[in-house]
Amino acid sequence: MEIRKPEIKAMKYEDFNDNEYLEKMAAELRREGTNVIVGCLDELIEWGRSNSLWPLTFATSCCGIEFMAVGAARYDFARFGFEVARASPRQADFIMVAGTITHKMAPVLKRLYDQMADPKYVIAVGGCAISGGPFKKSYHVLNGVDKILPVDVYIPGCPPRPEAMLYGLMQLQRKVKLQRFFGGGNKQIGKQEDGRKKRFERGRRRKTMNIREKITAWEPGAVWSEAGDGMFTVPVEKFHALAARLRAEGFDFLRSLTGMDWGEEGFGAVYHLEATATGENVVLRTLTPSREKCGLPSVCDLWKAAELNEREVFDYFGIGFLNHPDMRRLFLRDDWVGHPLRKDYDPGLNPLRMTNEVSKDSAPSFELTADGSFIRHRNVLFEEDEYVINIGPQHPATHGVLRFRVSLEGEIIRKLDVHCGYIHRGIEKMCESLTYPQTLALTDRLDYLGASQNRHALCMCIEKGLGVEVSERVQYIRTIMDELQRIDSHLLFFACLCMDMGALTAFFRDREKVLDILEQTTGGRLIQTYNTIGGVQADIHSDFVRRVKEFIAYMRPTLREYHEVFTGNVIARERLKGTGVLTREDAISFGATGGTGRASGWACDVRKRHPYAMYGKVDFEEVLYDEGDCFARYMVRMREIEQSMDIIEQLIDNIPEGEYQLKMKPVIRIPEGSYYAAVEGSRGEFGGFIESRGEKSPYRMKFRSTGLPLVSCLETIARGTKIADLIAIGGTLDYVVPDIDR
């Protein structure tokens, strides 16, 4: 029998759950003067669904008796909207698997589940359903219903009390409320539980399990570890093949690449990968036991972001990447002795050298032979007859101590070689000898125009490891502070770009108003030192709310003035439009997040991809352009100032009461494992990675620079443009060099 599809006015049936279609329709209605807020409809639908969940009448043993008690007068689950139990799976929303499931019963249960309509849910009730219970070793008992069904909620006990079942039902309600009815088959925001509280993350739990199963099938030698965030350890000889398979499966974004010295276990690297189409994430590590001839396969043929990241790992650890075309040091001098992030590094090997460093026109690379030895090659960077000029590191238009060697043909750029490290301060090495609270102070010195955001990311990572969830008041304050910092940074971007282009009107005028607000609460202008582990350093000033509202009222008409003076200027438009184009594919491959990625059409905002603090509860637009040129990068940041003000306005009058700092232990020790957390900094994704051995200091701490991907794509953007365009390109990429060099 064919089921007749319902007719939905003005919308194709196939598009009903297509979020992109709805957003386009809502945008069109807004242009015509009709106000449409899709988010509120989502909340209304999920509120209704969560309070009217119909269970399937299903039980096999003693847990079913307690389930019956839950429906009786004393406990009365009708209070929570669960009273309409259905005998037909086609009319039920969820199934409580109460009791033992045998091999013979398993296919029946699976068939019942398959007949249920989407969205559908499973609650595993009692020890038997969860793991087999007392019958775990029986040859005919299924050791956990999750072997055949995706379980949403577990209720332990043998059997669990009715109160426990009510609690489990309420957990299911909470999960449903966090879903989105529109788009992609009811994508969920799951709350992970491992015995510790964890903040809500936009996750796809079922998909994560799927990719784990795929990796295990593709490479049986890959070993999964649950410690921390969880990761696969992949044999080094199998790593490139698995990485290529993941790249083909859509994992096109290399979020972070971290070099590691695991002592006697060997040297290696940790890779954080994301599929931009689905939002799935996976973490891999690979290592080589040799401390003398340590080599890993390069993945720069899969992700362009690996080009500079692998050079960084080589510089810090001496790990050579096979088939990488350019195995030069990235940050340190060529005559530097040793590799500073090795655990056995001797700092006395490198006294101050005052000799000038000679630039080389070739780069080494390594090839692995069949007998396990390495062949060293040299790849030419610049030919003898090329005209090469030097820009920086003291050039004002490089926006910091960054150096370029540029090959020109007339005025046209043919090659560009980036030289970093002129403000490399060894922050990651320092963190290994500091306590966790002490490491916070160093983050303010990375991207100093995003100090609050940097510190926020590290606090989140540490709190994640500790299982700490800060108060809602702190979440509000951190979000507002991050957006004020974003406005501060974008105003400075605007001022510097105007100055680079010859206009001085905007320089620092209005940014000072933001700094005054920040300083009144945090005590700092550039270096905030405000976020702490478990909260913030002090509560907001009594005048904070009033001054923020006054600033927003002032800033909105001022932005229009900016556009009148600069955006519409014919000289500025001619210099910016069509110049320095970065395609969406290259932006993803380089990992160029932030305004640079969004100007190329890549929806890469961490606040949307992985909401944190209050970003999952506020309405704001992710500003996207498709042109990928300098003008698009400029416009993204200018419009993001407006969005930041919109976010602040939604929060500023609703800051809840509560504590601004949790009581923390005097000595903080994170459970053993690896952890990663990221925020949307003013220039893109800023992430913090911690590997803990359970000590008071991190075994390894790595910061995912927002600026390193931006300079890594600079040659791709600048090649074929004029030398004068390099100034506009660098200005609109908006990197901060201490963030690159760390």
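Please refer to the structure placed before this passage.
Residues numbered from 1 in each chain as written. Predicted model: local features only at pLDDT ≥ 70, side-chain atom pairs only at ≥ 80, totals over all residues. Heavy atoms only, no water.

Caption draft 1: Quick peek at the pattern of salt bridges. Taken as a whole and judged by the stated rule, the model has 47 salt bridges. Two residues, Asp-152 and Lys-175, come together in a salt bridge whose shortest N-O distance is 3.0 Å. A residue pair is termed long-range when its members are at least 10 positions apart, and Asp-152 in the loop between α5 (126-131) and β4 (153-155) and Lys-175 in helix α6 (residues 162-177) qualify at 23 residues. Residue Arg-255 is joined to Glu-274 by a salt bridge in which the shortest nitrogen-to-oxygen separation is 3.6 Å. Of this pair, Arg-255 sits in strand β7 (residues 253-261) while Glu-274 sits in strand β8 (residues 267-274), and the two are 19 residues apart along the sequence. Its relative accessible area of 9% is what places Arg-255 among the buried residues. The class of Glu-274 is buried, set by a relative accessible area of 2%. A single salt-bridge network, built from bridges that share partners, covers Glu-483, Arg-486, Arg-598, Asp-605, Arg-607, Glu-640 and Glu-680. (Salt bridge = Lys/Arg side-chain N within 4 Å of Asp/Glu carboxyl O. Helix = DSSP H or I, 4+ residues; strand = E, 2+ residues; numbered from the N terminus. Buried < 20%, exposed > 50% of the residue type's maximum accessible area, 1.4 Å probe, protein only.)

Caption draft 2: Summary view of helix α15 (residues 544-567). Of all bends in α15, the biggest is about 30°, found at Met-555, and the proline Pro-557 comes one to four residues later. Residues of α15 that are buried: Phe-544, Val-548, Phe-551, Ile-552, Met-555, Thr-558, Leu-559, Tyr-562, Phe-566 and Thr-567. Tucked into the core, α15 has its buried residues touching α13 (472-500), α14 (511-522), α16 (570-576) and α20 (630-652). (Bend = angle between axes of the 7 residues up to and from the residue. Contact = heavy atoms within 4.5 Å.)

Caption draft 3: View of the packing of helix α12 (residues 451-466) against α13. Contact geometry for α12 and α13: axes closest at 8 Å, N-to-C directions at 145°. The residues of α13 that touch α12, namely those facing Ala-451, Ser-452, Gln-453, His-456, Cys-459 and Glu-463, are Arg-478, Met-481, Asp-482, Gln-485 and Arg-486. For the contact of α12 with α13, a count of residues per class yields three nonpolar, four polar and four charged. (Axes fitted to C-alpha atoms, helices over the stretch in contact; angles between N-to-C directions. Nonpolar A, V, L, I, M, F, W, Y, C, P; charged D, E, K, R; others polar.)

Caption draft 4: Highlighting the pairing of strand β21 (residues 700-704). Here β21 lies mainly inside the structure; five of its five residues are buried. Burial of β21 is two-sided: the residues Arg-700, Lys-702 and Arg-704 facing one way and the residues Met-701 and Phe-703 facing the other way are all buried. Summarising the sheet, strand β20 (residues 684-692) and β21 pair through five bridges and their orientation is antiparallel. Paired with Phe-689 across the two strands is Lys-702, which belongs to β21. (Pairing = 2+ DSSP bridges.)

Caption draft 5: Highlighting helix α4 (residues 106-115). Three or more residues of α4 are buried, namely Ala-106, Leu-109 and Tyr-113. Buried positions in α4, seen along its axis, are confined to an arc of 65° and lie on one side of it. Contacts made by the buried residues of α4 are with β2 (94-98) and β3 (121-125). (Arc of directions from axis to C-beta.)

Caption draft 6: Representation of the environment of Met-231 within the structure. Tracing the backbone shows Met-231 in strand β6 (residues 231-233). Judged by its relative accessible area of 10%, Met-231 falls in the buried class. Placed 19 residues apart in sequence, Met-231 and Arg-212 show a C-alpha to C-alpha distance of 9.5 Å.

Everything listed here is a matter of coordinates, which is why it stays silent on function.
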